[in-house]
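A structural walkthrough
Spelled out, the chains give:
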Amino acid sequence: DIQMTQSPSSLSASIGDRITITCRASQTISGFLNWYQHKPGKAPKLLIYAASRLQRGVPSRFSGSASGTDFTLTINSLQPEDFASYYCQQSSSTPPLTFGGGTKVEIK
Amino acid sequence: EVKLVESGGGLGQPGRSLRLSCVASGFTFDDHAMHWVRQAPGKGLEWVSGIGWNSGDIGYADSVKGRFTISRDNAKNSLYLQMNSLRPEDTAFYYCVKDINGYPSPRSAFDIWGQGTIVTVSS
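Source: prediction; values computed, not measured.

Here is what the cut-offs are and how they apply
Residues numbered from 1 in each chain as written. Chains lettered and ligands numbered in written order. Predicted model: local features only at pLDDT ≥ 70, side-chain atom pairs only at ≥ 80, totals over all residues. Heavy atoms only, no water. Helix = DSSP H or I, 4+ residues; strand = E, 2+ residues; numbered from the N terminus. Polar contact = N/O pair within 3.5 Å; in protein donor to acceptor, adjacent residues only side chain to side chain. Contact = heavy atoms within 4.5 Å. Pairing = 2+ DSSP bridges. Axes fitted to C-alpha atoms, helices over the stretch in contact; angles between N-to-C directions. Buried < 20%, exposed > 50% of the residue type's maximum accessible area, 1.4 Å probe, protein only. Salt bridge = Lys/Arg side-chain N within 4 Å of Asp/Glu carboxyl O. Core = buried A, V, L, I, M, F, W, Y, C linked by side-chain atoms within 4.5 Å. Buried area = accessible area lost by both parts, 1.4 Å probe. Nonpolar A, V, L, I, M, F, W, Y, C, P; charged D, E, K, R; others polar.

1. As for the side chain of N34 of chain A
- Its location among the elements puts N34 of chain A in strand β4 (residues 33–38).
- A polar atom in the side chain of N34 of chain A sits 3.3 Å from the backbone nitrogen of A50 of chain A.
- Within the structure, the side chain of N34 of chain A is placed 3.0 Å from the backbone oxygen of S108 of chain B, a separation counted as a polar contact.
- With sequence-adjacent residues up to four places away left out, N34 of chain A is seen in contact with L46, I48, Y49, A50, Y87, C88, Q89 and S91 of chain A together with S108 and A109 of chain B.

Shown next as structure tokens:
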């Protein structure tokens, strides 16, 4: 199975900051990488699919990129509603569709 | 409005069974693969199982293989998860999830999630 190593597991940031979250795949996944946002008590939300494609309705301050087996989610100008947990997910090899361990973004 | 509503969660005893259901509305159910994803207390998201639009391409996580069975009824816009031989480690929030694709594939992504139903396995 493909393992997804996500870092950091948590970070503190301020409103307006630019943050990056990284996921590393244990083998090549050819850009089949999705990013989700999850707030407590709410359903997770798809942000980015296929490594860099913004899901409809997601603000443009969210972006995704890839370099080999490393994938990055960037949030420009962090907003109050962005404080949440973020997960990457590989879909290259199924089953299973593996999630990363998650990154909790907290207010500094 | 596109919606997924889960039901069937609750308290289950170790070794016993529970059946989760999910009713979809607001989209063409039989155009899409569907999945179950869970989150145990204090843990991250874990994909549990997925099924293609025509009930083919079924897959399971190793942690539930041989104990859980996914199925769907396109006439009822419904997805199911039969959970047998329950274990304490199955305790989690279970989400019903819509795939943007018709079958689980590299192009899969989960664009609609239900609110979840909680399953607690304890004696």
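2. Notes on the sheet that holds strand β7 (residues 62–67) of chain A
Residues and elements named next belong to chain A.
- An order of β1-β3-β8-β7 is seen for the 4 strands of this open sheet, with the pairing classed as antiparallel. What marks the edges here is a single partner per strand, and that holds for β1 (4–7) and β7. The sheet shows a mean angle of 20° between the axes of neighbouring strands, direction not considered.
- Here 6 bridges tie strand β3 (residues 19–25) to strand β8 (residues 70–75), and the two strands are oriented antiparallel to one another. Pairing of I19 across the sheet is with I75, part of β8.

3. With respect to the sheet that holds β4 of chain A
Residue and element names in this part refer to chain A.
- Ordered by their spatial adjacency, 6 strands build an open sheet running β2-β10-β9-β4-β5-β6, and the pairing between neighbours is mixed. Looking at which strands have only one partner, the edges of the open sheet turn out to be β2 (10–13) and β6 (53–54).
- Sheet topology places strand β9 (residues 85–90) next to strand β10 (residues 103–107); 2 bridges connect them, and they run antiparallel. Looking across to β10, one finds that S85 is bridged to K104.

4. Quick word on unusual backbone geometry
Residue and element names in this part refer to chain A.
- Cis geometry is adopted by the peptide bond preceding P8, which originates at S7 and carries an omega value of -5°.
- Tracing the backbone shows P8 in the loop between β1 and β2.
- Here the residue pair T94 and P95 is connected by a cis peptide bond, since its omega of -5° sits within 30 degrees of zero.
- In this structure, A51 is a non-glycine residue whose phi angle is positive, near 75°.
- Along the polypeptide, A51 turns up in the loop between β5 (45–49) and β6.
- Classification of A51 as buried rests on a relative accessible area of 5%.

5. Section: the pattern of salt bridges
- Tallying each qualifying case throughout the model produces 9 salt bridges over all chains.
- One salt bridge connects D70 of chain A with R24 of chain A, and the closest N-O pair in it is separated by 2.6 Å. Of this pair, D70 of chain A sits in strand β8 while R24 of chain A sits in strand β3, placing them 46 residues apart in sequence.
- Residue classification places D70 of chain A among the partly exposed residues on the basis of a relative accessible area of 23%.
- R24 of chain A sits in the partly exposed class, given a relative accessible area of 49%.
- The closest approach of N and O atoms between K65 of chain B and D62 of chain B, which form a salt bridge, is 3.1 Å.
- Taking the relative accessible area as the measure of exposure, D62 of chain B reaches 57% and is therefore exposed.
- One salt-bridge network, held together by shared partners, links R38, E46, R67 and D90 of chain B.

6. Considering the nonpolar core
- Grouped together as the largest cluster of nonpolar side chains are 39 residues, with contacts concentrated most on F99 of chain A together with W36, L79, L81, Y94, F110 and W113 of chain B.
- At the level of elements, β3 (18–25), β4 (34–39), β5 (45–51), β7 (68–73), β8 (78–83), β9 (92–99), β10 (110–113) and β11 (117–121) of chain B are the ones that each hand at least two residues to this core.
- Element by element, the count of residues in this core is highest for β9 of chain B, at 5 residues.
- F110 of chain B has contacts with Y36, L46, Q89, L97 and F99 of chain A together with H35, V37, W47, V97, K98 and D99 of chain B, leaving out every residue within four places of it along the chain.
- Membership of the second largest hydrophobic core comes to 25 residues, among which are C23, L47, I75 and V105 of chain A.

7. What about the interface of chain B and chain A?
- Each side of the interface is counted separately: chain B has 24 residues, and chain A has 21 residues.
- Between chain B and chain A, roughly 1,700 Å² of surface is buried when both sides are summed, and carbon and sulfur atoms account for 66% of that area.
- On the chain B side of the interface with chain A, the three residues burying the most area are L45, W47 and P106 of chain B, jointly 33% of the side's total.
- Applying the counting criterion to the chain B and chain A interface returns 0 salt bridges.
- Every element with two or more residues in the side of chain B that touches chain A is listed here: β4, β5, β6 (59–60) and β10 of chain B.
- Residue composition of the side of chain B that touches chain A, grouped by class: 11 nonpolar, 8 polar and 5 charged.

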